[in-house]
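# Chain and residue survey
Spelled out from the first residue to the last, the chains are:
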Amino acid sequence: MEKKKNNYVGLIVLAIFIAFSINPIFGLVGVFAVIFWLKKNPEYLTSYLSKIKTLNEENPSGETIDVFSLENTVLAEKNIQPSAFNDFFSQTKIRLKKRKKYLHIALNSTLEEASEIISLLPSSDRILIEAGTPLIKIYGARAVSQIKNMAPAGTYIVADNKCADLAEREVEIMANAGANAATCLGVAPIETIDSFIEACQKFNIDSIIDMMNVESALAVLKKLKTLPDIVMLHRGVDESELSKEKQIPLYQIKQIKGNYDVLVAVAGGDDIREVQRAIFNDADIVVVWKNFYQSSGDTAQLAESFLKEIG
Amino acid sequence: MLNQRSKYLQIAFNRSFNDVKGMIDVLPASDKIIIEAGTPFIKNYGQMGITALRDWWSEKIEKPGYIVADLKCMDRGSREVEAVAEAGASAATCLGLAPIETINEFITSCGENGIDSMVDMMNVEFPFEVLQKLKKMPEVIVLHRGVDENKLNKEKQIPYDQIHRIKGTYGKVLISVAGGETPRDVIRTYFNDSDIAVIWRSFYESPENTAKIAEDFLKLIK
């Protein structure tokens, strides 16, 4: 699979060369076509970048393919993401695909730890990275933009702002900081949730409704004017620690998916068993976070075993 | 830290950093004014925003000012409280809609960190039901109509009748009312025996009139 992709890159470069030699205009058209295609599918650039990084480690003399990649290689080596590219790609909405499973990693403690965890994560378009509520409240919108910069280009970034009021203002802040999705509380007034979803559409990001402490997610969804993109079933951390008997209502996943055309995320916890349970019950996205007693390596390992699990 | 006998005017700031600095500069220096770092403000500027507000306001009134961090905490009660206490807030808010475990954790953590706890009853149908389940009372209870609610649904009202009931039952707790915006609303709020009136819209919409609006409202506190 990996090898095949490499061949594609070679083919594309060769095709552009041939096109240039026939007619420069052809060549330019080809270049634009490639840029347009990358803009639509930024995940390919990500895997390409990481490949170049490994290529360079194996062969320090540098086997460069063209100027475009050379520039990226230098940046990738210094572990900086090309900010111009980020701006360019952030304008398009990254779409989560139905029928695919995603792992959503919530970062909650400090930006230093966030960067440690991100550097350990395997590179995959199945991994979403979240700037957790505490991070946003401590660092502000900077938490979102910095996590976006640390993560590989084209990564889907969730801002867990847990909006309860003044939805439009918050969505604007998060979208400007570079988030691909923002969250709103399911317990918030219906008017807030409606204006949240509307604002998300306006700023071209995904809307996530967090059903923490909501008894019936279906009852909330019924009252909304438009559906959100993602519904998140969630048990709070304080709840989990202090009363063990409360469970995530996994049976609701099928109820929601049966009635509405939305993705369902389950905020699971911190071990692979919870993840397996959620996937088995047909969740599209599983949210995990690092507990303070775990090392960042454990979280990375969890991500690896998740990717293996979903094949 | 807040006096039971006194009335307070709480002003919430939600504009950009520089706007807010300019607004605080022209506010009348009165210790009846409580400065609130609004939720969008916190989510935009984080701890740094709270610290800046405290510094500006303390400098202005020449003694430590009272700063409320409108966290609207929903989970991880203690983590968020620690962060804002460290940043210099005098009080923080938690949603009444949050799980009871979170509210309890929040109130305990506020006590440990030496700041006042406020529980925001936005969208809570029966505040009493929440209060009954708590291990310990918060310092302040906020009765609240959300901004989005107000805009889109005019018939919902602030439950003024709750103020007397809560004070009658729990005695020592302070009541703050948010969601009224006109001087008429604020008079009504104080008349119904609440201790703190929260306003923001008139300041948000016309920052250039900040000084005048604040003086008008301050006159209502007698």
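Residues numbered from 1 in each chain as written. Chains lettered and ligands numbered in written order. Predicted model: local features only at pLDDT ≥ 70, side-chain atom pairs only at ≥ 80, totals over all residues. Heavy atoms only, no water.

The helix and strand tally for chain A stands at 15 helices and 8 strands. Relative to all contacts within chain A whose residues are 6 or more apart in sequence, the contacts with residues 24 or more apart total 64%. (Helix = DSSP H or I, 4+ residues; strand = E, 2+ residues; numbered from the N terminus. Contact = heavy atoms within 4.5 Å.)

When pLDDT is averaged along chain A, the result is 81; 77% of the residues meet or exceed 70. Scored below 50 in pLDDT, residues 59–90 of chain A shows 35 contacts in the model against residues more than four places distant or in partner chains. (pLDDT = per-residue confidence, 0-100.)

An α-helix turns once per 3.6 residues; consequently, residues spaced three or four apart project the same way. Spanning 14 residues, helix α4 (residues 100–113) of chain B covers 20 Å between terminal C-alpha atoms, matching the ideal 20 Å at 1.5 Å per step. Within the sequence span of α4(B), burial applies to E101(B), T102(B), I103(B), N104(B), F106(B), I107(B), S109(B) and C110(B). Buried residues belonging to α4(B) abut α12 (237–242) of chain A together with β3 (67–73), α3 (77–87), β4 (91–95), β5 (116–120) and α5 (127–133) of chain B. Positive phi appears at G114(B), one or two residues downstream of α4(B), with a value of about 70°. (Expected span 1.5 Å × (residues − 1). Buried < 20%, exposed > 50% of the residue type's maximum accessible area, 1.4 Å probe, protein only.)

In this structure, I147(A) and F196(A) are the most contacted members of the largest nonpolar core, which totals 138 residues. Top element by residues in this core is helix α2 (residues 39–61) of chain B. It accounts for 9 residues. Not counting the four nearest positions on each side in its chain, I147(A) is found in contact with L107(A), L111(A), A114(A), I118(A), I129(A), E130(A), A131(A), L135(A) and I157(A). (Core = buried A, V, L, I, M, F, W, Y, C linked by side-chain atoms within 4.5 Å.)

Glancing now at the interface of chain B and chain A. Listed per partner, the contact involves 41 residues of chain B and 39 residues of chain A. Both faces considered, chain B and chain A share a buried interface measuring about 3300 Å² in area, 57% of it formed by carbon and sulfur atoms. The largest per-residue losses of area from chain B upon contact with chain A belong to K43(B), R76(B) and E101(B), which jointly make up 23% of the total buried on that side. Joining chain B to chain A, the criterion identifies 2 salt bridges. (Buried area = accessible area lost by both parts, 1.4 Å probe. Salt bridge = Lys/Arg side-chain N within 4 Å of Asp/Glu carboxyl O.)

Attention shifts here to the layout of surface pockets. Of the voids in this model, the largest pocket is the one considered here, and its volume is about 1100 Å³. Lining the largest pocket are 36 residues, and of these V187(A), L97(B), N123(B), V124(B) and E125(B) lie nearest its centre. With 4 residues, α5(B) is the largest single contributor of residues to the lining of the largest pocket. When grouped by side-chain class, the residues that make up the lining of the largest pocket number 18 nonpolar, 8 polar and 10 charged. (1 Å grid on protein atoms, 1.4 Å probe; cavity = no way out; pocket = protein on both sides within 12 Å on 5 of 7 lines; lining within 4 Å. Points joined across faces, edges and corners; volume = space filled by probe spheres on them. Nonpolar A, V, L, I, M, F, W, Y, C, P; charged D, E, K, R; others polar.)

All names here are of chain B. Considering all chains together, one arrives at 6 aromatic pairs over all chains under this definition. Considering the side-chain rings of F17 and Y45, the 5.0 Å spacing of their centres and the 45° angle between planes classify their relative orientation as tilted. Here Y45 lies in helix α2 and F17 lies in helix α1 (residues 17–26), a separation of 28 residues in the sequence. By the ring-pair criterion, three or more aromatic residues cluster together here, those being F17, F41, Y45 and W56. (Phe/Tyr/Trp six-rings, centres within 6.5 Å; stacked < 30°, edge-to-face > 60°.)

Let us now look at helix α8 (residues 183–191) of chain B. All names here are of chain B. Every buried residue of α8 is listed here: V186, T189 and Y190. Viewed along the axis of α8, the buried residues span an arc of 90°, placing them on a single side of the element. For α8, the exposed residues lying more than 90 degrees away from the buried face are R184 and F191. Against the buried residues of α8 lie β1 (8–13), β7 (174–178), β8 (196–199) and α10 (210–220). Downstream of α8 by one or two residues, D193 has phi in the positive range, about 80°. (Arc of directions from axis to C-beta.)

Turning to the confidence of the model for chain B, a few remarks are in order. Looking at chain B, the pLDDT average stands at 89 and 98% of residues meet or exceed 70. On the interface metric, ipTM, the complex scores 0.89, and its pTM is 0.79.

Next up on the list: the sheet that holds β8(B). Residues and elements named next belong to chain B. Read around the barrel, 8 strands follow the order β1-β2-β3-β4-β5-β6-β7-β8 and close on themselves; strand pairing throughout is parallel. With strand direction ignored, the average angle separating the axes of adjacent strands in the sheet is 25°. Against the sheet, α4 contacts β3, β4 and β5, and its axis sits at roughly 155° relative to β5. (Pairing = 2+ DSSP bridges. Axes fitted to C-alpha atoms, helices over the stretch in contact; angles between N-to-C directions.)

On to a nonpolar patch on the surface. All names here are of chain A. Side chains of Y8, L11, I12, L14, I18, I22 and F26 sit close together on the surface and give an oily, nonpolar patch of about 720 Å² of accessible area. For the nonpolar patch, the element with the highest residue contribution is helix α1 (residues 2–22), accounting for 6 residues. Along the chain, L14 falls in helix α1. (Patch = residues over 30% accessible without salt bridge, like charges linked within 9 Å, V, L, I, M, F, W, Y side chains within 5 Å. Areas by Shrake-Rupley, 256 points an atom, 1.4 Å probe, with all protein chains shown as cover.)

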